[in-house]
Amino acid sequence: MEEETLKVCSVCGSADLYYEKGGMTGFVYHCKNCGHISSFIVEANEGMAQAIRAEYAKKKGAE
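Since the model is a prediction, treat every value here as computed from it, not as a measurement.

What counts and what doesn't
Along each chain, numbering runs from 1 in the same order as the chain's sequence is written. Local features in this predicted model are restricted to residues whose pLDDT is 70 or higher, and side-chain atom pairs enter the listing and the counts only when it is 80 or higher, whereas totals over whole chains, interfaces and linings include all residues. Side-chain calculation: all heavy atoms of the structure are included, whereas hydrogens and water are not. Aromatic rings from Phe, Tyr and Trp, taking only the six-membered ring of Trp, are treated as a pair when their centres fall within 6.5 Å; an angle between ring planes under 30 degrees marks them as stacked, one over 60 as edge-to-face, and anything in between as tilted. Type-normalised accessible area, obtained with a 1.4 Å probe on protein chains alone, sets the label of each residue: buried when under 20%, exposed when over 50%, and partly exposed for intermediate values. What is meant by a nonpolar core is a set of buried Ala, Val, Leu, Ile, Met, Phe, Trp, Tyr and Cys residues, joined one to another through side-chain atoms within 4.5 Å. In this analysis, two residues are considered to be in contact whenever any of their non-hydrogen atoms come within 4.5 Å of each other.

(A) Layout of the packing of aromatic side chains. A full pass over the atoms with the stated rule returns three aromatic pairs. On the numbers, 5.2 Å between centres and 70° between planes, the contact of Tyr19 with Phe27 is edge-to-face. On the basis of relative accessible area, Tyr19 is assigned to the partly exposed category, the value being 45%. Centre to centre, the rings of Phe27 and Tyr29 are 6.2 Å apart; their planes meet at 40°, and the pair counts as tilted. The class for Tyr29 is buried, based on a relative accessible area of 15%. An aromatic cluster is present here, built from Tyr19, Phe27 and Tyr29 joined pairwise through their rings.

Right under this line is the structure:
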């Protein structure tokens, strides 16, 4: 049985992404949570997504 994965933002771990555009670089996604725009997203299981979100919250709290 394969583990279920989500496409999440590489910065904040949010799965609230939308397809921004395509082109020579391929798909470009926009995160609705942190505003990050990138073609690099992470396919993560729930544990990895939670770890990314926790790290983002820690960094954001340090600002």
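(B) View of the nonpolar core. Residues Cys9, Cys12, Leu17, Tyr29, Cys31 and Ile41 constitute the largest nonpolar core, which totals six residues. Once you skip the residues sitting within four places of it in the chain, Leu17 turns out to touch Lys7, Val8, Cys9, His30, Cys31 and Ile41. Formed by five residues, the second largest nonpolar core is a distinct cluster that contains Val8, Val42, Ala44 and Ile52.

Honestly, it's all geometry; don't read function into it.
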